[in-house]
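One-letter residues, chain by chain:
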Amino acid sequence: MAGGDDSWRPLARPLLIPIWVVIGVFSLLPVLLMAVYSFLTKEFRGGVEWDFTLAAYDQFFVTRGLFGDEPAQIEWTYITIFWRSIWQALICTALCLLIGFPTAWFIATRPAQSRGIWLFLITIPYWVNLLIRTVSLKFLIRDNGPLNEGLMAIGLITEPLPLVNTNLAVQLGLFYSYLPFMVLPIYAAVERYNFALSEAAADLYASRWTTLREIVLPVVKPGMIAGCILVFVPALGAFLAPDLLGGAKTFMIGSLIDEQFKGSQGNWPFGAAASMILMTLVLIVLVFYARAASREGAA
Amino acid sequence: MTAAVHLQDVVKRYGSVTAIHGVSLTIADNEFFTLLGPSGCGKTTLLRMIAGFEAVTAGEIRLFGDDIARLDPNHRPVNTVFQHYALFPHMSVIDNVAFGLKMQGIDLAARRTRAGKMLEMVHLSHFADRMPAQLSGGQQQRVALARALAPAPKVLLLDEPLSALDLKLRQAMRVELKTLQQETGITFIFVTHDQEEALTMSDRIAVMSEGRVQQVGSARDIYETPDNRFVADFIGETNLLEVDVHSVTDGRASMTLPGGHPLTCPSASATPGRHALSIRPERVTIAATGELKATVDRVVYLGTDLQVLSRLADGSPFTIRLQNAARTTIPEAGATIGLHLEEGAARLLAD
Amino acid sequence: MKGVRHYPGFLSITVLCLTILYAPLIVIMVYSFNGSTSITQWGGLSLRWYGEVFTGPEASRFGQAAWNSITIALMASTAATIIATAAALAMVKGGRFRGRSASFALINLPLMVPEIVTAVASLIFFTTIGLTTGYGTILIAHITFCIPFAYLPLAARLEGIEATYEQAARDLYATRAQAFRLILLPLLAPGVASGWLLAFIISLDDFIITNFVKGAGMETLPTAIFGSVKQGIKPNIMAISTLMLAASVLFVTAAYLINRKGRQTP
């Protein structure tokens, strides 16, 4: 029946009070406060003074030389860090899609009894502590770790591959962290896919791969888009993988923000401003997603 | 005698949409009463208002004289058999059947006895400790019946209870339901969109459309003397023709059929002008002497019957049903045939 | 001739996918049983690092951190589940009402804001209102971000329960409270359980937000491990990791079994 249940209707709002209070006060309000902080003045011991200024955003986007007396120019340091993070997150998303789609398809086409087991195997790593997974990966790929030792033992390489502290390691870490986020929504989409569509395409002389391109991919696209969002957004603000597996050259947004709140070196308004910019980026992605999703829904 | 259920000008509005337009109905005690109509006609809404799941916007619902329109469902001595049974999946069959008794505060021993009797009545005694998911559709149907009958309601409401069963089972359950109703003496209000179901089981039927009751009567009444175009068209198969009535004398209306053929038929209240005329296909015979002429388009073989699809002189379609007997001559496509209307075959309709 | 479901190479990719996911975990599990003091050399099978976890010099630090993690996870997931259950009932059964879509957005807010941003915002908020960061602030933050995770399986389960069950109970003379307690709540139970388990694991798992709002001297298991790993991966860390891994697997298996049992009786 449309419109819910008569006996529950009057209770709807009272039942929502706790969630409004908790999320409103401890999630929404802090984000708004953070927006205010990004316009405050930095205090030296790590804190703020309540003087409104655009200094944090100015520091992010504009440079006036070492002593602040040169003409204003674009400050590339932070934009580069953001750009690097976006690029890393994009590559990570693409890799996850490339591996995730065939995996999701394979699992969804197993017989019903074994499908549960496959799915279970994919979900377990997702539930294992992300920190532990990242530490494990670092242990595996470090210079004299099992991976390099193994490769040297079978004679594929003579010198250990310097993996830790490289972009590649960070990339691997991100990929490893968020792969299950890609597989699960695509799996859900493939499970709902009507295989008679593929049979109809085959019947009308489409090859296997043509069918994949022309029929399957467009139909399961919503699942793929959802997976991409679920990977891209956390990868963009990731902290653990770049911090543990990367070095100075692989500095990403997460570490930049983290640094602003550590001890006397910190700069809270700048950290808040960087967070605001990160959140704006995520919001843009989500708006695009919502529009794409509603278009898919309308079609 | 007081009516079991009496509805007086019952209205249901959802915002600006009116689902039920002032329905009044009287259902007698011990009656098998059916609400029949296409989906969206308001029959289920009406039933749910009697059960108490939907609030009444305006009007009265009386149960043996008491107005119950504003009572909560748990304070109404009526029980419902739901369309998909709604058996509580986490309770055994016997606990399902005993649930209503438990809520009424009847002690354990008494309700076990009563629930056991109910299961016996629907021939499911040995399934008492099963879970609903372990039963077939037909068995679940019986449990739902036993559960609704266990508290001995004054009226039993059935919301398309047979729609989820396959044909054979549905036919068997029709007989069983009717027997059950006669044995228990409880008033049944049955909702369905299936006219065959309605015609075979009901003492009386209310045909509904667009939130209004179109006609109330026995199966025979609504089939043979439909009041209006909707009822004639919805119940069974019929030929609806636009006719011009010239005059009405002595309860007989004289009219012209499309194509110019004259006809008279009994009508108490018709006025001169354009009207719809209903002619049931099985009340027409093919006879060389018939003055009404038609051209055969096609003959459809239906097993027990033959359906002759033809056109009258002006081109309006006209269907004739013939029994598939040895003596029946089957007309050929393209042939011109004469039609003979039995007395009373044609009925003039109000719009 | 293979069916339309078959694509050559997909099996290999799946195996590759599982290898990538499992190789690091298996390696760390194996090395946690290494008898050698050096993490690079294999010194035979031994349980010495597990002994070290409980009796070694870092035992009390990790013990306290584990206690904090578990108590916070228990309280946060329970509180989040209660709040999420109330919200799910309102959202799924309450029909259309003003503020419904705003509520929906609010429930999902913690999922849409990047973790690091939530961490920053929480730290700023607690500092501004003058709340000393510590056990209490960790608990508040955990309750907040656990809510949407508890909400998802609950709402999904609730949507699958037809309104007719409650109506049937009301029809059979149950009061509103009885219909809720005897019919709806038992049917919703698997959703409540998996929501709670999900929230519990998410709370146990969190590093970034906890790291921001924990204050000086307060540690949970992830922050303690992180602090230790910064000085290099020691074997006792591998043992702790393996123990946490085993705990996670145990929990997920429990959730999986509860869910499967729940699905048999829809």
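Because the structure is predicted, anything quoted here is derived from the model rather than measured.

As a further point, take the overall build of chain C. A tally of helices and strands in chain C yields eleven helices and zero strands. The secondary structure elements of chain C, listed N-terminal to C-terminal, are α-α-α-α-α-α-α-α-α-α-α. Taking the principal axes of the C-alpha coordinates as reference, chain C spans close to 70 × 70 × 30 Å. Counting the 266 residues in chain C, one finds 56% classified as buried. Of the contacts formed within chain C by residues at least 6 apart in sequence, a portion of 73% connects residues at least 24 apart. Carbon and sulfur atoms make up 67% of the accessible area of chain C, which totals about 11,000 Å². In chain C, which carries 18 positive and 10 negative side-chain charges, the distance between the mean positions of the two groups comes to 7 Å.

Taken together, the contact pairs 25 residues of chain B with 19 residues of chain C. Both faces combined, the contact of chain B with chain C buries some 2,000 Å², and carbon together with sulfur accounts for 65% of it. Of all residues in chain B, B:Asn74, B:Pro89 and B:Met103 give up the largest surface area on contact with chain C, accounting jointly for 28% of the area buried on that side. The interface formed by chain B and chain C contains two salt bridges. In this assembly, chain B and chain C are joined by seven residue pairs in polar contact (both at pLDDT 80 or more). Only α1 (43-51), β6 (78-81), α2 (93-103) and α4 (137-149) of chain B provide two or more residues apiece to the side of chain B that touches chain C.

Let us now look at the interface of chain C and chain A. With 91 residues of chain C at the contact, the number on the chain A side is 89 residues. Together chain C and chain A conceal approximately 8,400 Å² of surface at their shared face, both sides included; 79% is due to carbon and sulfur atoms. Considering only the surface of chain C that becomes buried against chain A, C:Arg5, C:Tyr7 and C:Leu106 emerge as the three largest contributors, covering 8% of it. Inspection of the chain C/chain A interface yields one salt bridge. Where C:Lys230 meets A:Asp243, a salt bridge forms, and the shortest distance between an N and an O atom there is 2.6 Å. Applying the counting rule to chain C against chain A returns twelve residue pairs in polar contact (both at pLDDT 80 or more). Counting residues per element, the side of chain C that touches chain A draws most heavily on helix α1 (residues 10-32) of chain C, which supplies 16 residues.

To continue, consider the sheet that holds strand β20 (residues 346-349) of chain B. Residues and elements named next belong to chain B. Taken together, five strands build an open sheet; the order of strands is β13-β12-β11-β14-β20 and the sheet is antiparallel. Only two strands of the sheet have a single neighbouring strand rather than two, namely β13 (262-266) and β20. The mean inter-strand angle of the sheet, taken between neighbouring strand axes irrespective of direction, is 45°. As paired strands, strand β11 (residues 239-249) and strand β12 (residues 252-256) are joined by five bridges and run antiparallel to one another.

Here we take up the nonpolar core. In terms of nonpolar packing, the biggest core is built from 219 residues, with B:Leu46 and B:Phe99 touching the most fellow members. Of all the elements, helix α3 (residues 76-108) of chain A adds the most residues to this core, at 14 residues. Excluding residues within four positions of it along the chain, B:Phe99 makes contact with B:Phe88, B:Met91, C:Ala169, C:Leu172, C:Ala174, C:Leu182 and C:Ile183. Counting residues in hydrophobic clusters, the runner-up holds 35 residues, among them B:Phe32, B:Ala148, B:Leu149 and B:Leu162.

What follows concerns the pairing of strand β18 (residues 317-323) of chain B. Residues and elements named next belong to chain B. Bridge count between strand β17 (residues 305-312) and β18: seven bridges; the pairing is antiparallel. Bridge assignment links Val308 to a residue of β18, and that residue is Ile320. Linking β17 back to β18 in an antiparallel pair, the connection comprises four residues, with Gly315 at a positive phi of about 100°.

With that settled, consider the pattern of salt bridges. Residues and elements named next belong to chain B. Under the counting rule described, the total for this entry stands at 28 salt bridges over all chains. Between Glu31 and Arg204 there is a salt bridge; the shortest N-O distance is 2.5 Å. Residue Glu31 is found in the loop between β2 (17-27) and β3 (32-36), and its partner Arg204 is found in strand β9 (residues 204-209); the two are separated by 173 residues along the sequence.

This brings us to unusual backbone geometry. The backbone phi angle of A:Tyr205 is positive, close to 75°, even though this residue is not glycine. Classification of A:Tyr205 by relative accessible area gives exposed; the value is 76%. Its identity as a non-glycine residue notwithstanding, B:Asn30 has a phi of 65°, on the positive side. According to the relative accessible area criterion, B:Asn30 is partly exposed, its value standing at 40%.

The geometry of an aromatic ring pair comes down to the distance between the two centres and the angle between the two planes. One pass over the full model with this rule turns up 39 aromatic pairs over all chains. Between A:Phe239 and C:Phe226, the aromatic rings sit 6.1 Å apart at their centres with planes inclined by 40°, giving tilted as the arrangement. Of this pair, A:Phe239 sits in the loop between α9 (208-236) and α10 (240-245) while C:Phe226 sits in helix α10 (residues 221-229), placing the two residues on different chains. Classification of C:Phe226 by relative accessible area gives buried; the value is 9%. An angle of 10° between the planes, with centres 5.5 Å apart, marks the rings of B:Phe230 and B:Phe234 as stacked. Of this pair, B:Phe230 and B:Phe234 both sit in helix α8 (residues 229-234), four residues apart, which is roughly one turn of that helix. Of the residues examined, B:Phe234 reaches a relative accessible area of 18% and is grouped as buried. Ring pairing ties together the aromatic residues A:Phe101, A:Trp105, A:Tyr193, A:Phe195, A:Trp209, C:Tyr7 and C:Phe10, which thus form one cluster. Lying across the ring of A:Tyr176, A:Arg133 places its NZ or CZ 5.8 Å from the centre. Sitting above the plane of the B:Tyr223 ring, B:Arg280 keeps its charged end 4.1 Å from the centroid.

Next up on the list: the environment of B:Thr187. Residue and element names in this part refer to chain B. For Thr187, the location among the structural elements is in strand β8 (residues 187-192). In sequence terms Thr187 and Phe234 are 47 residues apart; their C-alpha atoms lie 26 Å from each other. Other than its neighbours up to four places away in sequence, Thr187 contacts Ala4, Ile27, Ala28, Asp29, Asn30, Glu31, Lys154, Val155 and Leu156. Within the structure, the side chain of Thr187 is placed 3.0 Å from the backbone nitrogen of Asn30, a separation counted as a polar contact.

A rise of 1.5 Å per residue sets the reference length of helix α1 (residues 12-37) of chain A, with its 26 residues, at 38 Å; its end C-alpha atoms lie 35 Å apart and thus fit the reference within 8%. Bending of α1(A) peaks at approximately 45° at the position of A:Gly24.

All right, on to the environment of C:Val117 then. Relative to the elements of secondary structure, C:Val117 occurs in helix α5 (residues 115-128). The buried category is assigned to C:Val117, whose relative accessible area is 0%. Sequence-wise, C:Val117 and C:Glu159 are 42 residues apart; in three dimensions their C-alpha atoms are separated by 32 Å. In contact with C:Val117, other than residues within four places in its own chain, are A:Met34, A:Ser275, A:Leu278 and A:Met279.

Turning our attention to the pairing of strand β10 (residues 212-217) of chain B. Residue and element names in this part refer to chain B. Two strands pair when backbone bridges link them, and β9 and β10 are joined in this way by five bridges, in the antiparallel orientation. When the sheet's bridge partners are listed, Ile205 is paired in β10 with Gly217. Linking β9 back to β10 in an antiparallel pair, the connection comprises two residues, with Glu210 at a positive phi of about 50°.

With that settled, consider the sheet that holds β3(B). Residue and element names in this part refer to chain B. As summarised here, the arrangement of the six strands in space is β6-β7-β8-β3-β9-β10, forming an open sheet in which the pairing is mixed. The sheet terminates laterally at β6 and β10, the two strands that pair on one side only. Each neighbouring strand pair of the sheet contributes to a mean axis angle of 20°, computed without reference to strand direction. In terms of strand pairing, β3 meets β9 through four bridges, oriented parallel. The residue bridging Thr34 from the neighbouring strand is Ile205, located in β9.

What counts and how
- Residues numbered from 1 in each chain as written.
- Chains lettered and ligands numbered in written order.
- Predicted model: local features only at pLDDT ≥ 70, side-chain atom pairs only at ≥ 80, totals over all residues.
- Heavy atoms only, no water.
- Helix = DSSP H or I, 4+ residues; strand = E, 2+ residues; numbered from the N terminus.
- Buried < 20%, exposed > 50% of the residue type's maximum accessible area, 1.4 Å probe, protein only.
- Contact = heavy atoms within 4.5 Å.
- Areas by Shrake-Rupley, 256 points an atom, 1.4 Å probe, with all protein chains shown as cover.
- Lys, Arg positive; Asp, Glu negative; His and termini not counted.
- Charge placed at Lys NZ, Arg CZ, Asp CG, Glu CD.
- Buried area = accessible area lost by both parts, 1.4 Å probe.
- Salt bridge = Lys/Arg side-chain N within 4 Å of Asp/Glu carboxyl O.
- Polar contact = N/O pair within 3.5 Å; in protein donor to acceptor, adjacent residues only side chain to side chain.
- Pairing = 2+ DSSP bridges.
- Axes fitted to C-alpha atoms, helices over the stretch in contact; angles between N-to-C directions.
- Core = buried A, V, L, I, M, F, W, Y, C linked by side-chain atoms within 4.5 Å.
- Phe/Tyr/Trp six-rings, centres within 6.5 Å; stacked < 30°, edge-to-face > 60°.
- Lys NZ or Arg CZ within 6 Å of the ring centre and 35° of its normal.
- Expected span 1.5 Å × (residues − 1).
- Bend = angle between axes of the 7 residues up to and from the residue.

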